[in-house]
Amino acid sequence: MPGSNTGGQVSILMGVYNGAGDLSEQLTSFAAQSHGDWRLIASDDGSTDDSAAILQAFAEAQEELGRQVELRRGPRRGFAANFLSLIAAAPEDADWLALSDQDDVWLPDRLARGIAALRKIPPATPALYCSRTWITDERLENPRLSMAVKKPPGFRNALVQNIAAGNTILLNRAAAGLARETAPAAAEMPGLPAHDWWLYQLVTGAGGTVIHDPEPALYYRQHGSNLIGANDSWRARAWRIGLLLSGRFAAWNDANLAALWAVVDRLTPENRAVLETFSRLRGQSLPRRLGAFRQAGLYRQTVLGQAALWLALVLRRL
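Before going into details, it helps to say that this report is about the structure given with it. All chains use their own residue numbering, which begins from 1 and follows the written sequence. The predicted origin of the model limits local features to residues at a pLDDT of at least 70 and limits the giving and counting of side-chain atom pairs to 80 or more, whereas totals for whole chains, interfaces and linings rest on all residues. For the side-chain quantities, the full set of heavy atoms in the structure was used; hydrogens and water were omitted.

1. Looking at the packing of aromatic side chains
Right, so step 1: Side-chain rings of Phe, Tyr and Trp, where Trp is taken by its six-membered ring, are said to pair if the distance between their centres is within 6.5 Å; with planes under 30 degrees apart they count as stacked, over 60 as edge-to-face, and otherwise as tilted. Under the definition given, this model contains 6 aromatic pairs.
Right, so step 2: An angle of 65 degrees between the planes, with centres 6.2 Å apart, marks the rings of Phe-30 and Trp-38 as edge-to-face. You'll find Phe-30 and Trp-38 in the same group, each marked buried.
Right, so step 3: On the numbers, 6.3 Å between centres and 5 degrees between planes, the contact of Trp-38 with Phe-58 is stacked. Here Trp-38 is found in strand S2 (residues 38-44), whereas its partner Phe-58 is found in helix H2 (residues 51-63), with 20 residues between them in sequence.
Right, so step 4: Counting every residue linked through ring pairs, the aromatic cluster contains Phe-30, Trp-38, Phe-58 and Trp-106.
Right, so step 5: Only Lys NZ and Arg CZ are tested; either one counts as a charge over a ring when it is within 6 Å of the ring centre and within 35 degrees of the ring normal. The cationic tip of Arg-110 hangs over the ring face of Trp-106; the distance from NZ or CZ to the ring centre is 4.2 Å. Three labels apply to residues, based on accessible area from a 1.4 Å probe with only protein chains included: buried if under 20% of the type maximum, exposed if over 50%, partly exposed otherwise in between. Helical segments are the DSSP runs of H or I of at least four residues, strand segments are the runs of E of at least two, and each set is numbered from the N terminus.

2. Notes on the pattern of salt bridges
Right, so step 1: Here, a salt bridge means any Lys or Arg side-chain nitrogen found within 4 Å of an Asp or Glu carboxyl oxygen. For the coordinates displayed, the defined rule picks out 12 salt bridges.
Right, so step 2: Across the salt bridge formed by Glu-25 and Arg-221, the nearest N and O atoms sit 3.0 Å from each other. Taken together, the residues Glu-25 in helix H1 (residues 20-31) and Arg-221 in strand S9 (residues 209-221) connect sequence positions 196 residues apart.
Right, so step 3: For Arg-221, a relative accessible area of 2% gives the class buried.
Right, so step 4: Here Asp-109 makes a salt bridge to Arg-113, at a shortest N to O gap of 3.1 Å.

3. Describing helix H3 (residues 79-88)
Right, so step 1: With 7 of 10 residues buried, H3 is to be regarded as a mostly interior element.
Right, so step 2: A contact between two residues is defined here by any heavy atoms of the two lying within 4.5 Å. Residues of H3 that are buried make contact with strand S1 (10-16), S2, strand S3 (69-73), strand S4 (96-100), helix H6 (173-187) and helix H7 (195-205).

4. Focus: the nonpolar core
Right, so step 1: If you look at the biggest cluster of nonpolar residues, it comprises 36 residues, and the most contacted ones within it are Leu-13, Ile-87, Leu-128, Ile-169, Leu-171, Trp-198 and Leu-199.
Right, so step 2: Of all the elements in the fold, those that place two or more residues in this core are H3, S4, strand S6 (127-136), H6, H7 and helix H9 (248-262).
Right, so step 3: No other element matches H6, which puts 7 residues into this core.
Right, so step 4: Take the buried Ala, Val, Leu, Ile, Met, Phe, Trp, Tyr and Cys residues and link them wherever side-chain atoms come within 4.5 Å; each set so joined is a nonpolar core. Ile-12, Trp-38, Trp-96 and Leu-170 belong to the second largest nonpolar core, which has 26 residues in total.

5. Here we look at the packing of H1 against H2
Right, so step 1: Only the contacting stretch of a helix is used when fitting its axis, a line to C-alpha atoms as for every element, and angles between N-to-C directions run 0 to 180 degrees. In the contact formed by H1 and H2, the axes pass within 9 Å of each other and the chain directions differ by 20 degrees. Comparing their axes, H2 and H1 come out roughly parallel. Relative to H2, H1 is oriented so that their crossing is right-handed. Residues Ala-20, Leu-23, Ser-24, Leu-27, Phe-30 and Ala-31 of H1 touch H2, and the partners they reach there are Ser-51, Ile-54, Leu-55, Phe-58 and Gln-62.
Right, so step 2: Polarity classes work like this: nonpolar for Ala, Val, Leu, Ile, Met, Phe, Trp, Tyr, Cys and Pro, charged for Asp, Glu, Lys and Arg, and polar for all others, with Gly in that last group. Residue classes in the contact of H1 with H2 are distributed as 8 nonpolar, 3 polar and no charged. Roughly parallel refers to an angle under 35 degrees, roughly antiparallel to one over 145, roughly perpendicular to one between 65 and 115, and oblique to any angle outside these ranges. Handedness of each helix crossing follows the sense of rotation of the near helix against the far helix: counterclockwise by less than a right angle gives left-handed, clockwise gives right-handed.

Below you can see the structure in the form of structure tokens.
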């Protein structure tokens, strides 16, 4: 098998839907990984293009190299439900779980770098690795770095912001087990905005560790089919802040909180208290909301984002 096989096997979970145009480039970047011990599980969520045929051809080529490629049928309830179904059925013997979109291109050390970072964490501690990305146009040209994370990851950040880009996530065995056991409950929550945000909340809420690598791990292609695009321009930030103030953010919080309460026994006592404070303050009078918000210590990564959070609190859009 090509590439290094030290460090354990990675199960790559990839959601697929009508991705034939870019899928081959992503698969080629899997084959080029310096960490060669991986298997791919792809969930096709009802594609009507050549995605399945491309995956089948790749599976046959990788079988000759001793790698497994499995194609599953997705639940056809959107991208978050598709990834949650993959996580719920992820192999228990995998040392690491990597999430992948269908239209990116991984840098050759994407897996190796994540494994090296996570190996520094005690194995019993749930840990999630994520990173910055090179944001590109549809042709993988004009690259620019995604936003840096300036404040430390944590549950108080995760409740109101996602910094863990799903296409860069790698989980250790402890985090994978936690996610696998709780994914079915999350999948039952209507309107859950994103699987990666849920993972960030789950791992930090359970007292785990999140590592955000300041170096990029892949090329993140931007095009008209992106379900959730990059957040690195003033226009994109203004759009997201508009969502926060429009009431969409409050609806996302409704779904996220419901998913967290469904697995509240997995949270640390401290984070349970934060969850309770956040849940309660949303229905209180303005003076009580302001006091409880300060007590909860919720934060976003930028000054503008934090200001918008306070405004959403005042306007009952939280």
